[in-house]
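Spelled out, the chains give:
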4 protein chains.
Amino acid sequence: MIVILKPHTDDGQISRVLDALKQYDVAFNVSKGETVTVIGLVGDTSAVDREKISTNPFVERVMIVSEPFKKSNRKFHPENTVVNAGGREIGGRTLAVIAGPCSVETRPQIIGIAEAVRQSGASFLRGGAFKPRTSPYAFQGLEAEGLELLKAAREQTGLPIVTEIMSPKLVERFDADVDVIQIGARNMQNFDLLKEVGRTKKPILLKRGAANTVEEWLMSAEYIMAGGNSGVILCERGIRTFETYTRNTLDLSAVPVVKRLSHLPVIVDPSHATGASWLVAPLAKAAVAAGADGVIIEVHDDPARALCDGPQSITPPAFAEIMVQLKAYAALEGRTL
Amino acid sequence: MIVILKPHTDDGQISRVLDALKQYDVAFNVSKGETVTVIGLVGDTSAVDREKISTNPFVERVMIVSEPFKKSNRKFHPENTVVNAGGREIGGRTLAVIAGPCSVETRPQIIGIAEAVRQSGASFLRGGAFKPRTSPYAFQGLEAEGLELLKAAREQTGLPIVTEIMSPKLVERFDADVDVIQIGARNMQNFDLLKEVGRTKKPILLKRGAANTVEEWLMSAEYIMAGGNSGVILCERGIRTFETYTRNTLDLSAVPVVKRLSHLPVIVDPSHATGASWLVAPLAKAAVAAGADGVIIEVHDDPARALCDGPQSITPPAFAEIMVQLKAYAALEGRTL
Amino acid sequence: MIVILKPHTDDGQISRVLDALKQYDVAFNVSKGETVTVIGLVGDTSAVDREKISTNPFVERVMIVSEPFKKSNRKFHPENTVVNAGGREIGGRTLAVIAGPCSVETRPQIIGIAEAVRQSGASFLRGGAFKPRTSPYAFQGLEAEGLELLKAAREQTGLPIVTEIMSPKLVERFDADVDVIQIGARNMQNFDLLKEVGRTKKPILLKRGAANTVEEWLMSAEYIMAGGNSGVILCERGIRTFETYTRNTLDLSAVPVVKRLSHLPVIVDPSHATGASWLVAPLAKAAVAAGADGVIIEVHDDPARALCDGPQSITPPAFAEIMVQLKAYAALEGRTL
Amino acid sequence: MIVILKPHTDDGQISRVLDALKQYDVAFNVSKGETVTVIGLVGDTSAVDREKISTNPFVERVMIVSEPFKKSNRKFHPENTVVNAGGREIGGRTLAVIAGPCSVETRPQIIGIAEAVRQSGASFLRGGAFKPRTSPYAFQGLEAEGLELLKAAREQTGLPIVTEIMSPKLVERFDADVDVIQIGARNMQNFDLLKEVGRTKKPILLKRGAANTVEEWLMSAEYIMAGGNSGVILCERGIRTFETYTRNTLDLSAVPVVKRLSHLPVIVDPSHATGASWLVAPLAKAAVAAGADGVIIEVHDDPARALCDGPQSITPPAFAEIMVQLKAYAALEGRTL
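These lines cover the structure that appears in this document, whether it is placed above or below. This one's a predicted model, so the numbers in the text were calculated from it and none came from an experiment.

Brief notes about the sheet that holds strand 3 (residues 37-42) of chain D
Residues and elements named next belong to chain D.
Now for step 1: Spatially, 4 strands are ordered 2-3-1-4 in an open sheet, and the strand pairing comes out antiparallel. Of all strands in the sheet, those with a lone pairing partner are strand 2 (27-32) and strand 4 (59-63), marking the two edges. The average undirected angle you get between the axes of adjacent strands in this sheet is 20°.
Now for step 2: Looking at chain direction, strand 1 (residues 2-5) and strand 4 are connected through 4 bridges and run antiparallel. Bridge assignment links Ile 2 to a residue of strand 4, and that residue is Met 63.

Describing the state of the cysteines
Now for step 1: Scanning all chains against the criterion turns up 0 disulfides over all chains.
Now for step 2: Its sulfur unpaired, Cys 235 of chain B is 14 Å from the next cysteine sulfur, which belongs to Cys 102 of chain B.

Section: the environment of Val 162 of chain A
All names here are of chain A.
Now for step 1: When you line up the elements, Val 162 lands in strand 9 (residues 161-165).
Now for step 2: A relative accessible area of 1% means that Val 162 is categorised as buried.
Now for step 3: In this structure, the C-alpha to C-alpha distance between Val 162 and Leu 150, residues 12 residues apart in sequence, is 8.9 Å.

Some words on helix 4 (residues 144-157) of chain C
All names here are of chain C.
Now for step 1: Across its 14 residues, helix 4 extends 20 Å between first and last C-alpha, which sits within 8% of the 20 Å expected from 1.5 Å per residue.
Now for step 2: Within helix 4 the residues assigned to the buried category are Gly 146, Leu 147, Leu 149, Leu 150, Ala 152, Ala 153 and Thr 157.
Now for step 3: Tucked inside the fold, the buried residues of helix 4 contact helix 3 (107-120), strand 8 (124-126), strand 9 (161-165) and helix 5 (171-177).
Now for step 4: Just past helix 4, the residue Gly 158 takes up positive phi, approximately 80°.

Focus: the pattern of salt bridges
Now for step 1: A full pass over the atoms with the stated rule returns 79 salt bridges over all chains.
Now for step 2: In this structure, the salt-bridge partner of Arg 173 of chain B is Glu 148 of chain B, at a minimum N-O distance of 2.8 Å. Within this pair, whereas Arg 173 of chain B is found in helix 5 (residues 171-177), its partner Glu 148 of chain B is found in helix 4 (residues 144-157), the two being separated by 25 residues in sequence.
Now for step 3: On the accessibility criterion, Glu 148 of chain B (36% relative accessible area) is partly exposed.
Now for step 4: Its salt-bridge partner being Arg 118 of chain C, residue Glu 115 of chain C comes within 3.2 Å of it at the nearest N-O pair. With Glu 115 of chain C and Arg 118 of chain C both in helix 3 and 3 residues apart, this pair spans about one turn of that helix.
Now for step 5: Among the ionic contacts, a cluster of salt bridges with common partners joins Glu 148, Lys 151, Arg 173 and Asp 177 of chain A.

Description of the relation of the copies chain D and chain C
Now for step 1: Superposing chain D onto chain C takes a rotation of 180° plus a shift of 0.0 Å along the axis, which leaves an RMSD of 0.0 Å. With respect to symmetry, the two chain copies, as superposed, fit the operation of a two-fold axis. No C-alpha of chain D lies nearer the rotation axis than that of Ala 211 of chain D, which sits 2.8 Å from it.
Now for step 2: The overlap is high: 100% of the interface residues of chain D also sit at the interface in chain C, so the same surface is used on both sides.

Focus on the interface of chain D and chain C
Now for step 1: With 45 residues of chain D at the interface, the matching set in chain C holds 45 residues.
Now for step 2: The junction of chain D with chain C conceals about 3,700 Å² of combined surface from both sides, 54% of it contributed by carbon and sulfur atoms.
Now for step 3: Contact with chain C buries surface across chain D, with Glu 51, Tyr 137 and Arg 240 of chain D losing the most and accounting together for 15% of the total.
Now for step 4: Glu 216 of chain C is the salt-bridge partner of Arg 240 of chain D, the closest N and O atoms lying 2.7 Å from each other.
Now for step 5: Where chain D packs against chain C, one counts 20 residue pairs in polar contact (both at pLDDT 80 or more).
Now for step 6: Per-element accounting of the side of chain D that touches chain C gives the leading share, 5 residues, to helix 7 (residues 214-226) of chain D.
Now for step 7: Tallied by class, residues from the side of chain D that touches chain C come to 17 nonpolar, 12 polar and 16 charged.

Focus on the interface of chain A and chain B
Now for step 1: Contacts between chain A and chain B engage 45 residues on the former and 45 residues on the latter.
Now for step 2: Of the roughly 3,800 Å² buried between chain A and chain B on both sides combined, carbon and sulfur atoms contribute 53%.
Now for step 3: In terms of surface lost to chain B, no three residues of chain A exceed Glu 51, Tyr 137 and Arg 240 of chain A, which account for 15% of the buried area on that side.
Now for step 4: Applying the counting rule to chain A against chain B returns 4 salt bridges.
Now for step 5: Linking Glu 196 of chain A and Lys 169 of chain B is a salt bridge whose minimum nitrogen-to-oxygen distance equals 3.0 Å.
Now for step 6: Linking chain A with chain B are 20 residue pairs in polar contact (both at pLDDT 80 or more).
Now for step 7: Among the elements of the structure, helix 2 (50-54), helix 6 (191-198) and helix 7 (214-226) of chain A are those that each provide at least two residues to the side of chain A that touches chain B.

Overview of the relation of the copies chain A and chain B
For these two chain copies, the linking operation is a rotation about an axis paired with a shift along it.
Now for step 1: The operation relating chain A to chain B is a screw motion whose rotation component is 180°, with 0.0 Å of axial translation and a residual RMSD of 0.1 Å.
Now for step 2: In this assembly, 100% of the residues forming the interface of chain A have copies in chain B that are likewise at the interface, indicating an isologous arrangement.

Rules of the game
Residues numbered from 1 in each chain as written. Chains lettered and ligands numbered in written order. Predicted model: local features only at pLDDT ≥ 70, side-chain atom pairs only at ≥ 80, totals over all residues. Heavy atoms only, no water. Pairing = 2+ DSSP bridges. Helix = DSSP H or I, 4+ residues; strand = E, 2+ residues; numbered from the N terminus. Axes fitted to C-alpha atoms, helices over the stretch in contact; angles between N-to-C directions. Disulfide = S-S within 2.5 Å. Buried < 20%, exposed > 50% of the residue type's maximum accessible area, 1.4 Å probe, protein only. Expected span 1.5 Å × (residues − 1). Contact = heavy atoms within 4.5 Å. Salt bridge = Lys/Arg side-chain N within 4 Å of Asp/Glu carboxyl O. Least-squares fit on C-alpha atoms with pLDDT ≥ 70 in both. Buried area = accessible area lost by both parts, 1.4 Å probe. Polar contact = N/O pair within 3.5 Å; in protein donor to acceptor, adjacent residues only side chain to side chain. Nonpolar A, V, L, I, M, F, W, Y, C, P; charged D, E, K, R; others polar.

Okay, structure coming up:
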């Protein structure tokens, strides 16, 4: 941590700042310039309160040098984390492909789609039972019944299931029923929910909030890991920008950035990022080329009749074609599907 | 709702789109141009699924004409809503001034600040008991004990209390203990929490999410109102932009925009928007000039020792000065403090 | 400037970084922590190339402490700059009110509007002769003829004229003909044009680019001032964000921020920021309350027939009403109109 | 174009709106709903002034159905445009790889880099002679001398040269000297410059502005094409968002989006988008996977000594490695390098 004093601070004032810093268990080093004096704090600065120091009347600015995330930080855990989820690995040599409809609608629908995506090589089934919708008047999902249908589809196909949780009241149920618990973008900073899922042993798929920085995303992973659950899978799904042609702007740079900052696996959701089925294939390929550990793709047998997110869903035959392409791209990265 | 067909769609294709639309109970009107055909849906289109129609292969785009919010919409409720909160009104002629520290820290701290802001004319006391912090390692608030201290401060000063809820598990307790339940910016689309507070009778202070549009904000108000709770107070607190000089960018245009779109009261939080104490006074005055129904201001007796958000807190004497200025601005708007 | 080395850099590596820094004429001070070493550069670091140092293999990050703008910096010029423009002052006790149509259209139009706004108390006439339009097929302004009409309106009313320049080829002509040369938001980083107008003696109204930070804006002012022209007036006109309800998001925080960082006058353009006539009055008042040195407002005698920007133009009677309100707000700030 | 009237507009008011519309040479069709009436304008609406209609007191909103770009629109020109630049094609089966330093510095530097990138398979040499720098105190390029050095490097290696123009005064010279004239991101809406280069016959590399939508970008291409120059190459180089980890956010979705909307070739600049050399390889591969027609990559023989943009430059050996990888990715897309 670096404390920059206001211009022309005199020796007496510098002493007063140093006195205030002495309460923390860190060493410091003073650089006096002609106009500006800089104090470097060294040692474990995680207990130092940056905001408090900022309010000191002689302090101009406080800059943080160390990254504030610990358990998710690659510096302290250089090897890639491989998350085991329902018997499959995420973050290893094999890319994870999570496919399925936005919403679970009926037993034949979810089982039919699950069979289809399994045959094309998907490794996980996704499907929404509890749906976060902008409007209270929109379809909110089949809820508990949806979970049962997902379990039936898992039994039929062997695919582990991934589905979103919205309420801390359901954590026990999700822990018992699903293979990967998804935290949606809107709940990325629902700290209460993060703490609750941090107490389970289930892998957590943590979507990036549409307006959250990479650092905030890793801090939310930190909330889960601080609770004892180290099985966090990060998922880039587009950020909010001024561009409205696509629903959000898929930030593929975040993939190599996260791989460098953190040891956690990172996957990409081109369906929600763009909101357009015709953009799924090019961006899924680009995600693999950028180094993602997998993709999550919305597949619906009849997009025009889907109860939600139809415009971005692709059909099972289109999904099968994408899988063929992704396989070739994965091979160039030394990976398999 | 307006459905724009792809260029050069022929009569047979137009018929097929019309057939698909006939399932909804709306009238429609077809405008055939040289290249583009447009179908206008008229009547109550709230049950029409925009996304489904978008996936029709002959449809280029679907545009929404009516605003999707109903209960919060000024069109259906032309008069201003005045929310009664702990015996005070928000949204009427008198501006609401909510003041207090970021976090409740100790009994003398919260009572001392409450007394001070009451003497300067504040109408509500704010203070965080449960704190949403980006880092799991940062101070998370005094929690239940904080609520008790707020109640003690209310008893001492008579000021109604405003504090943030983060967990649906605490709704009953907040309903019993506090006067205004705050939903923080990060939880603006925590739909589970919105539904829970919608079942109480307590006024809800709904902060705008840092990356949410005015329309999404009103849709979140709609979630609360759809549950039967019409006492929603909107609070603009800055949006996330590329500009990093201020913590967020205070969107004061949102004040007159919301007043036009909705009948709900809207207040402004210059402290969180800017993150800098020296910006509070000019932006609080600007908020009143733009037509806000009140402001929420962080006040701390010793900002340099505050457990959170010190840099944006002002002292009680600085608050007293701002109140004098706001009074003059309020008068120009025909309002009182 | 502060240079942060990579974690676990050893003494030999630190020496190599120091060797590389010795080429610059600055002192430095090394703080060695347990994991991270920090080097503070003190003295005049303006000649130190931050980017070069960043590429050193042992360097993690380089942070800048001093602000990169000099001539526009309040630290080196504590008093407010008052710009004299056509006999009127901008930045002094009297607020500047610049009013007029988006485009100059006809002689009676521009003279009629000029007369009307002068009677209501405007201090400058604005009007576009050369128009920056997104589409090459849209009306591009009356060009040279527009300048002549502005001069005629000035002769008739005595109001100094403000108009936008788009081409360096016209600098000589603008220098001869107009009182304030406007650089539009899209040209804020047209460095070629900035250099050219920096060689004139005419006041320059520099609009903030819709996607530019306050620092970049001040650096563009620096381009003009580095050429010898110190008469720069800054104009906040909204930044580009995800919110689409208003055309741009007016960043009123920028007003007190710029007043703190710089000695240059800053005015606000609520018309272009919002794109809606009904938002002009509340935001013009808010601008004055936030400390602006003036406003620029689009006025058209017949907005429905305006050749551009009709939706955001107000009529002369509406302008007269706003002036009455602004006068009262100005008085609260100890200023006059 | 669709005109939505205000709620409860009566027949007389509708007639008045229709009268106002009759001045345009378009047909229209009225859809009267219970609360809202909608008027569809059909035919060639390019001459209809959307803004004027918006100001009609009975009009709520005007929506545009047709895209405003014509010459760059794929609807009117379904085949891909292949631009011939200095004897090489851009937009055809072979991907364009434009490589070279940020700035031309010395004769040996530019010739050495040109030789190196040619040997690795680059098809064009880039290098800045006139540099757009945020600070007037930063190195501004070798200017005319830089152009001469580029020409020398072309003569030596046979590589066509790409360099940025900043001033309309230099159009003639660039037209004579260079193979592809680059318009930088900051000048994307410098309409004066766009018009000037539109009068040349040289291919124009048009970078997307950091805060410009895809539609605005195509409108700027339209400015060039409207002048008679159809050889426009679009270049995505990152947009400005709240995320600060990378310099800008590379918007790879823009590649398939532009390919769908327009027939023009589109290439990607991962160096400027990210500002970090270690991000160039993953994002260059992702760009090819997303369907780009080429990439532009900064290469410097000694990034630590580069006069600008060192942190994002890669060395010639690193470039050679990337070329090997890109070749494999290109093959998967049915393309060659």
